[in-house]
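# Architecture and fold: a report
If you want the building blocks of each chain, they are given just below.
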Amino acid sequence: AQSVAQPEDQVNVAEGNPLTVKCTYSVSGNPYLFWYVQYPNRGLQFLLKYITGDNLVKGSYGFEAEFNKSQTSFHLKKPSALVSDSALYFCAVRARAGTALIFGKGTTLSVSS
Amino acid sequence: EAGVAQSPRYKIIEKRQSVAFWCNPISGHATLYWYQQILGQGPKLLIQFQNNGVVDDSQLPKDRFSAERLKGVDSTLKIQPAKLEDSAVYLCASSLGGQGQSGYTFGSGTRLTVV
């Protein structure tokens, strides 16, 4: 069965420092991988996706993610964190065409000034 | 383009009552999803529609939950009777197709509290 793991419930980082939010997945075949962000009382917003091609994917708001097939990981990164990046982040995977996204449990990112 | 519309935003009901949620996806999006997000957890798929047909409802508690998308556009999710554990945010999302490459657009969700 396919699954997504986000091993950290919370990540704390100071403004201006680099941030990483971890995600590992388990699917058979080639996965489609996504990151979403959720602000309080809002729906999920799409950040970026990996389908195929370059392992480093760039997305919205300066975020990027690196696909590592051997480690089955898709970690979200940003070189310099902003206080406004504080939110709940979800990693998601789609195992094959036609199936719905499976989400991880989420990681709360807290950026302090 | 207009986003995914959901209503109501909030709903409080007593256990054993019934409740319905409505979703209007982005125009032209063939695929519509209902997810349940319990506090502290990631969204869990309840049902996936492709136009007006059901693609996946394997995780829908069919003894109490039902959903329809009769004309292949907007959709309604119903719970009858509600239980305390149904307290959650119900998210509707839509995508252009079901082939896997497009992300979803989510609505703001309906927060249900069952007391």
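Everything here concerns the structure above.
As the structure is a computational prediction, the values presented were derived from the model and not from experiment.

### Considering the overall build of chain B
Looking only at helices and strands, chain B features 0 helices and 11 strands. Element order for chain B, N to C, with α for helix and β for strand: β-β-β-β-β-β-β-β-β-β-β. Over its C-alpha atoms chain B spans a radius of gyration of 13 Å, differing by no more than 12% from the 13 Å that the globule rule assigns to 115 residues. In terms of its C-alpha atoms, chain B occupies a principal-axis envelope of roughly 40 × 25 × 25 Å. Considering only residue pairs separated by 6 or more positions, chain B has 52% of its internal contacts joining residues 24 or more positions apart. For chain B, the centre of its 12 positive side-chain charges and the centre of its 9 negative side-chain charges are spaced 5 Å apart.

### Quick notes on the nonpolar core
Of all hydrophobic cores here, the largest spans 28 residues; its most connected members are A:Trp35, A:Leu47, A:Leu48, A:Phe74, A:Leu76 and A:Tyr89. When contributions to this core are tallied by element, the ones reaching two or more residues are strand E2 (10–14), strand E3 (19–21), strand E5 (32–38), strand E6 (44–50), strand E8 (64–68), strand E9 (73–78), strand E10 (87–94) and strand E12 (107–112) of chain A. A total of 4 residues in this core trace back to one element, the largest contributor, which is E10(A). Among all residues touching A:Leu76, those that are not within four sequence positions of it are A:Leu19, A:Thr20, A:Val21, A:Trp35, A:Leu47, A:Leu48, A:Phe63, A:Glu64, A:Ala65 and A:Tyr89. Within the second largest apolar cluster, 21 residues are counted, among which are B:Cys23, B:Ile26, B:Trp34 and B:Leu77.

### Remarks on the packing of aromatic side chains
Per the stated rule, a full pass over the model turns up 19 aromatic pairs over all chains. Centre to centre, the rings of A:Phe103 and B:Phe106 are 6.0 Å apart; their planes meet at 70°, and the pair counts as edge-to-face. Of this pair, A:Phe103 sits in strand E11 (residues 102–103) while B:Phe106 is found in strand E10 (residues 105–106), placing the two residues in two different chains. Taking relative accessible area as the criterion, A:Phe103 reaches 8% and is therefore assigned buried. Residue B:Phe106 is classed as buried on the basis of its relative accessible area, which comes to 8%. Aromatic ring contacts, followed pair by pair, group A:Phe34, A:Tyr36, A:Phe46, A:Phe90, A:Phe103, B:Tyr33, B:Tyr35, B:Tyr104 and B:Phe106 into a single cluster.

### Some points on the interface of chain B and chain A
Each side of the interface is counted separately: chain B has 24 residues, and chain A has 22 residues. Taken together, both faces of the contact between chain B and chain A bury some 1,700 Å²; the carbon and sulfur share is 48%. Where chain B meets chain A, there are 0 salt bridges. At the junction of chain B with chain A, the criterion picks out 7 residue pairs in polar contact (both at pLDDT 80 or more). Listing elements by their share of the side of chain B that touches chain A, those giving two or more residues are strand E4 (31–37) and strand E5 (44–50) of chain B. With 3 residues, E4(B) is the largest single contributor of residues to the side of chain B that touches chain A. Considering only residue class, the side of chain B that touches chain A consists of 9 nonpolar, 13 polar and 2 charged.

Thresholds, definitions, all that
- Residues numbered from 1 in each chain as written.
- Chains lettered and ligands numbered in written order.
- Predicted model: local features only at pLDDT ≥ 70, side-chain atom pairs only at ≥ 80, totals over all residues.
- Heavy atoms only, no water.
- Helix = DSSP H or I, 4+ residues; strand = E, 2+ residues; numbered from the N terminus.
- Rg over C-alpha atoms; globule rule 2.2 N^0.38 Å.
- Contact = heavy atoms within 4.5 Å.
- Lys, Arg positive; Asp, Glu negative; His and termini not counted.
- Charge placed at Lys NZ, Arg CZ, Asp CG, Glu CD.
- Core = buried A, V, L, I, M, F, W, Y, C linked by side-chain atoms within 4.5 Å.
- Buried < 20%, exposed > 50% of the residue type's maximum accessible area, 1.4 Å probe, protein only.
- Phe/Tyr/Trp six-rings, centres within 6.5 Å; stacked < 30°, edge-to-face > 60°.
- Buried area = accessible area lost by both parts, 1.4 Å probe.
- Salt bridge = Lys/Arg side-chain N within 4 Å of Asp/Glu carboxyl O.
- Polar contact = N/O pair within 3.5 Å; in protein donor to acceptor, adjacent residues only side chain to side chain.
- Nonpolar A, V, L, I, M, F, W, Y, C, P; charged D, E, K, R; others polar.

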